[in-house]
Each structure stands twice: as structure tokens, then as C-alpha cells.
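# Secondary and tertiary structure notes
What follows is each chain in one-letter form.
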Amino acid sequence: MRIPLRDAVAVAVTAGAVAPSAAALVLLPLRTSVTHTNLALLLVVVVVAVSALGNRLAGALAALSAAAWSDFFHTEPYQSFHVQDRADVETAVLLLVVGLIVSQPAAYGRTMKRVAVTDATHLERLHRTTRLARSRTSSSRSSPAQPAPARASPAGAGPRCGAGRASLPRYE
């Protein structure tokens, strides 16, 4: 069963908003034992997954959400969007940039997949047409061929194009 495009986009955008916040909550017990930069790298994995499975909008939303929730849950002062350290600002900005950059090749890859599927469909149609033409040609050759009536060239006309070559059978 195929999911309609509108529903797939809605699911991807919802995942872009919800998945980073859920991951940030799951990683909450680790904030005392793991540096916030490493926690941000774990959030990058979530952003990459959403970007790969969703669209550009979902990837951008996941990047924004991951940057915000990383700041909210994993940088001091905790549970506020206020950032005191310059390194924390850089981490949030890099998290956002990576998410935006990753969403572009993911979208391009999906576009190329659609092109490849379309091209394969056209190629299969061409092969089917070729097989059909061959089968009709071979079936007409297997039936007794009646010689085509000879045509006289108009008086004074020079040699026809292809004169001197072996004549090909005519199918009328």
C-alpha cells in the first residue's frame, strides 16, 4: 500500500519536529557523563535519519529542533534557551548547518531514484515494442511470401537510390 504524498510529507515533517526532542530526552541521563558536544553528535544521527527518510523541509525542521533541544536539555543553564558559552553556540550552529547540508543530498538522491525508475519503465516499454516488432516480422517470414510485382521505372529516370544492392523483401 502506498502512502499518499501529502500524508508522507506530513509524517516526515512531524518526525522532523518530534524525533530530535525525543532523542534529546532519551539522552538526558547521559548529560553528566558525556560532553554536550558528543550528545549533539548523537542528535546529528537523528537529523541525518530524518533527512534521509523525509524531505528538505523535514530535514531543516529536524536540524532546527535538534539545535533547540540540544541547547534546552544539554547546555548550561539547563532547561532554558539561554546560551552562555561560545562553544555551545558553535555546537548549535554546526548542528543546524549539518542538518541543512544533509537534507539536500538526501532529496537529490530521492529525485534520482524517481528518474531511474521512470527511465527503467521507458526502457522496458522500448524492449517490449522491439520484441513485438520482431515477433511480427518473424511470423510474417514464416508464412509463404508472395513476390512483389516488379515496378518499372519511369522512362529516362536514372538509377534509383540503392540500385545494385541486394533487394530487401517487401511486406505489404
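Residues numbered from 1 in each chain as written. Predicted model: local features only at pLDDT ≥ 70, side-chain atom pairs only at ≥ 80, totals over all residues. Heavy atoms only, no water.

## Focus: empty space enclosed by the protein
As enumerated under the stated definition, the model contains one cavity of 30 Å³ or more in all. Of the pockets and cavities examined, the largest cavity occupies roughly 40 Å³. Surrounding the largest cavity, His 36, Ala 67, Ser 70, Asp 71, Thr 75, Asp 88, Thr 91 and Ala 92 form its lining. Broken down by secondary-structure element, the contributors of at least two residues to the lining of the largest cavity are helix 3 (56-74) and helix 4 (86-142). (1 Å grid on protein atoms, 1.4 Å probe; cavity = no way out; pocket = protein on both sides within 12 Å on 5 of 7 lines; lining within 4 Å. Points joined across faces, edges and corners; volume = space filled by probe spheres on them. Helix = DSSP H or I, 4+ residues; strand = E, 2+ residues; numbered from the N terminus.)

## Notes on the side chain of Thr 91
Looking at where Thr 91 falls in the secondary structure, it is placed in helix 4. Accessibility expressed as a relative area gives 15% for Thr 91, which makes it buried. Sequence-distant contacts of Thr 91, defined by excluding residues within four places in its chain, comprise His 36, Thr 37 and Ala 40. (Buried < 20%, exposed > 50% of the residue type's maximum accessible area, 1.4 Å probe, protein only. Contact = heavy atoms within 4.5 Å.)

## Notes on the pattern of salt bridges
Opposite charge on two side chains permits pairing when their charged atoms draw close. This model, assessed by the stated rule, comprises two salt bridges. A salt bridge links Glu 90 to Arg 86; its shortest N-O distance comes to 3.1 Å. Within this pair, Glu 90 and its partner Arg 86 are both found in helix 4, separated by four residues, close to a single helical turn. Under the relative-accessibility criterion, Arg 86 is labelled exposed at 64%. With its nearest N and O atoms 3.2 Å apart, the salt bridge here joins Glu 124 to Arg 131. On the basis of relative accessible area, Arg 131 is assigned to the partly exposed category, the value being 45%. (Salt bridge = Lys/Arg side-chain N within 4 Å of Asp/Glu carboxyl O.)

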